[in-house]
Amino acid sequence: MDLQNFIENFAEQFDDTDISEIKADTVFQELEEWSSLTALGVIAFVKTEYGKDIKGKEIRACNTVQELFDYIKAK
C-alpha cells in the first residue's frame with residue numbers, strides 16, 4: 001500500500017474538487033464536496049483496491065487523508 005497511490009484513488013472520489021487540493025495532511029471532512037455519498041465511494045474503493053472493509057464511523061474517526069491511510073493499512 002502506497003500513500004501517493006492512496007491519495008490519487010481517494011481524490012478520484014470527488015467530482016468537483018481539484019486533485020491537487022488533496023494531500024496527506026488534508027482534513028477531508030472539511031472539503032466542501034465531502035458528503036455521505038463521497039464516503040460511500042471511499043468505502044467502495046477501499047474494498048475494491050485493498051480488499052479491506054471500512055465503515056462510516058471508522059472514516060469519521062479519521063481527520064486527515066494520512067490518518068485514514070494509516071488506519072486502513074493497519075487493518
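Heads up: the structure comes first, above all this text.
Definitions and limits used
- Residues numbered from 1 in each chain as written.
- Predicted model: local features only at pLDDT ≥ 70, side-chain atom pairs only at ≥ 80, totals over all residues.
- Heavy atoms only, no water.
- Helix = DSSP H or I, 4+ residues; strand = E, 2+ residues; numbered from the N terminus.
- Buried < 20%, exposed > 50% of the residue type's maximum accessible area, 1.4 Å probe, protein only.
- Contact = heavy atoms within 4.5 Å.
- Expected span 1.5 Å × (residues − 1).
- Arc of directions from axis to C-beta.
- Polar contact = N/O pair within 3.5 Å; in protein donor to acceptor, adjacent residues only side chain to side chain.

Peer 1: For this particular structure, what's the right way to read the side chain of Glu58?
Peer 2: If you trace the backbone, Glu58 turns up in helix 3 (residues 56-60). Using a relative accessible area of 15% as the deciding quantity, one classes Glu58 as buried. Filtering out sequence-adjacent residues up to four positions away, Glu58 remains in contact with Asp53, Tyr71 and Lys75.

Peer 1: Even after reading the chapter, I still don't get the side chain of Thr38, so can you show me in this structure?
Peer 2: When you line up the elements, Thr38 lands in helix 2 (residues 36-50). Ignoring any residue separated from it by four or fewer positions in sequence, one finds Thr38 in contact with Gln13, Phe14 and Glu33.

Peer 1: Where do I start with helix 2 in this structure?
Peer 2: Residue pairs three or four apart in sequence face the same way in an α-helix, which turns once every 3.6 residues. Taking 1.5 Å as the rise per residue, helix 2 with 15 residues should run 21 Å; its terminal C-alpha atoms sit 21 Å apart, in good agreement. Taken together, the buried positions of helix 2 are occupied by Thr38, Ala39, Gly41, Val42, Phe45, Val46 and Tyr50. In an axial view of helix 2, the angular spread of the buried residues amounts to 155°, which keeps them on one side of the axis. Those residues of helix 2 that are exposed and aimed more than 90 degrees away from the buried face are Ser36, Leu37, Leu40 and Thr48. Considering only its buried residues, helix 2 is in contact with helix 1 (3-11), helix 3 and helix 4 (65-74). Where helix 2 begins, one side-chain oxygen reaches toward the backbone nitrogen of Leu37, 3.2 Å away; that side chain belongs to Ser35.

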